[in-house]
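Reading the structure
These are the residues of each chain, in order.
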Amino acid sequence: MIKVYKFGGASVRDDVSFRQVERIIRDASSSPLVIVLSAMGKTTNALELVASAAHNEADYSETLQGLRTYHLNILNALFPRQNEVFAQFEQAIVSLHATLNTSRELPYAAFYDRVVSYGEKISTLILHQYLAHRGLPNTLLDAAQLVVTDGPFRKAVVDWEVTKRNILNCIEPAQLALWVVAGFIGSDKQGHTVTLGREGSDFSAAIFASALDASELTIWKDVPGVLNVDPNELKAGVKFDKMPYNEAVELSFYGAKVIHPNTIKPLENRNIPLFVRPFSDPAARGTLISSDPELHPLACSIIRKKDQILLTLIPKDMSFISEGHVHSIMGALCDLGLHINLMQSSALHFSLCLDNGTGIVDGLGERLGPTFHIRYNEHLTLLTLRRFSEEDIQLHTRGQEVVMEQRSRIMYQAVLKD
Ligand code: ADP
Ligand code: ASP
Ligand code: MG
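Taken together, 16 residues form the shell around ligand 1, and within it K6, E199, K221, D222 and L227 come nearest. Within the contact set of ligand 1, an oxygen atom lies 2.9 Å away from a side-chain nitrogen or oxygen of N232. Contact with the protein chains hides 85% of the accessible area of ligand 1, taken as 580 Å² for the molecule alone. Of the residues belonging to the shell around ligand 1, the class tally is six nonpolar, four polar and six charged.

Along the chain, G151 connects to P152 via a cis peptide bond; the corresponding omega equals -5°. Counting through the fold element by element, P152 comes out in the loop between α7 (143–146) and α8 (160–170). Following H296, the chain continues into P297 via a peptide bond in cis, with omega recorded as -5°. When you line up the elements, P297 lands in the loop between β10 (287–290) and β11 (301–315). Positive phi outside glycine occurs at D213, with the angle close to 50°. Within the secondary structure, D213 sits in the loop between α9 (201–212) and β7 (216–221). Phi at D307 is positive, roughly 55°, even though this residue is not glycine.

Okay, the site of ligand 2 next. Residues in close proximity to ligand 2 include S38, A39, T44, E120, F184, R198, E199, G200 and S201, which together make up its full environment. One nitrogen or oxygen atom from the side chain of E120 is found 2.6 Å from a nitrogen atom belonging to ligand 2. Within the backbone of S201, a nitrogen or oxygen atom sits 2.9 Å from an oxygen atom of ligand 2. Look at ligand 2: alone it shows 260 Å² of surface, and the protein chains cover 93% of it.

Strand pairing within a sheet occurs via backbone hydrogen bonds; the two strands may be parallel or antiparallel. Here eight strands make up an open sheet; going across it, the order is β3-β4-β2-β1-β7-β9-β10-β8 and the pairing mixed. Both outer strands of the open sheet, β3 (139–140) and β8 (242–244), are each paired with one neighbouring strand and no more. For strand β1 (residues 3–7) and strand β2 (residues 33–37), the ladder comprises five bridges, and the chain directions are parallel. Along β2, the bridge assignment pairs K3 with L33.

What counts as what
Residues numbered from 1 in each chain as written. Chains lettered and ligands numbered in written order. Predicted model: local features only at pLDDT ≥ 70, side-chain atom pairs only at ≥ 80, totals over all residues. Heavy atoms only, no water. Near = heavy atom within 4 Å. Polar contact = N/O pair within 3.5 Å; in protein donor to acceptor, adjacent residues only side chain to side chain. Areas by Shrake-Rupley, 256 points an atom, 1.4 Å probe, with all protein chains shown as cover. Nonpolar A, V, L, I, M, F, W, Y, C, P; charged D, E, K, R; others polar. Helix = DSSP H or I, 4+ residues; strand = E, 2+ residues; numbered from the N terminus. Pairing = 2+ DSSP bridges.

Spelled out as structure tokens, the structure:
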């Protein structure tokens with residue numbers, strides 16, 4: 001049965017990692033395989049800088065030249081000089097220049113998607129040619145033509161029916177073959193390129209796995225699997241061997257950056273197992289996320305989501321918080337596309353913890369200012385502990401002021417001031 005493998009930026013960040021990707025793909029050559037690929041290394045970050053500078057008519061030439069050199073160095077290490085990939089790469093750079101020059105008048109989000117999607121267009125071109133050069137024939141698919149969305153730019157919402165039909169028209173799940181396709185990219189109904197949101201390649205991989213009813217999705221990462229804590233925060237984390245889908249949804253929803261939050265649900269709906277495995281050690285088992293309800297080992301998960309804002313709404317007329325108030329607050333959040341991470345109410349206060357961003361206070365002030373006094377506090381962190389003990393709470397809140405907290409039997413959450 002067909003499998004889907006997803007490789008992130010770290011797995012194609014240099015020539016050595018491309019060779020490792022090749023080894024992993026060879027090991028899977030007895031099954032039909034779809035490879036979903038991210039942009040190489042930190043290319044998307046650099047393209048974001050280019051897009052923003054170009055839109056503001058600022059100079060982006062150095063960043064763009066740096067990106068070109070970075071990719072060329074990898075090409076030189078992987079291919080003989082006469083390989084056609086060099087001309088194709090230069091063609092992509094010319095086309096990126098043209099986009100930067102001719103599409104600047106577009107609204108920023110549309111311009112951003114057009115520019116930033118070049119990261120994946122280029123990485124997939126290189127992997128496609130590299131695998132062919134190494135004797136692994138493969139078909140390069142255009143993600144923009146397959147993943148159809150209803151927009152909006154920068155966080156497009158997938159039209160599952162059309163997307164599934166498109167994917168099944170191009171990929172024959174029973175055919176022993178290899179396909180390469182970009183993550184992160186789709187198009188809207190007018191055919192404009194859109195993106196699915198930062199880190200969206202994991203989600204793209206789930207879209208392909210779901211459409212194809214794949215036997216598994218494997219996401220290759222630069223970590224041993226899903227750990228109970230971000231290794232950048234605490235080195236001595238515990239790796240989960242197995243985890244139920246709903247646990248993975250909770251972890252990613254509250255900010256565990258290892259998997260994009262939209263990835264799990266489509267897999268759960270079709271009961272497709274998700275393996276999160278270490279790219280550097282393909283023999284290791286990693287983490288299996290599936291319908292098996294057992295979480296193993298039963299470690300406390302620790303997630304910190306930074307850049308939070310805590311807003312407190314107080315009715316101006318000194319009335320109690322009513323259902324009517326809550327209704328107008330939710331309506332405003334919904335219209336402004338804001339998502340609540342944590343909320344709490346008392347007789348006179350309604351508090352909301354959200355990801356901070358420009359325009360939130362002004363936007364809510366405009367809508368809710370006539371009815372509520374609005375107080376807010378920025379630069380906060382949302383701490384989430386799952387399967388906590390009192391010692392875990394002590395340990396992970398030590399030295400920080402707890403501004404708001406909430407707990408259930410399984411989950412403890414606190415908004416912390418650093
Ligand atoms: P990719 O580019 O392959 O999508 P990401 O950088 O998006 O990879 O995700 C992998 C990173 O997620 C790891 O390098 C690690 O720093 C981070 N991370 C955050 N929380 C966790 C966690 N609970 N378990 C494992 N990795 C985590
Ligand atoms: N390249 C995109 C990003 O860096 C998508 C992804 O890697 O998942 O956000
Ligand atoms: Mg990622």
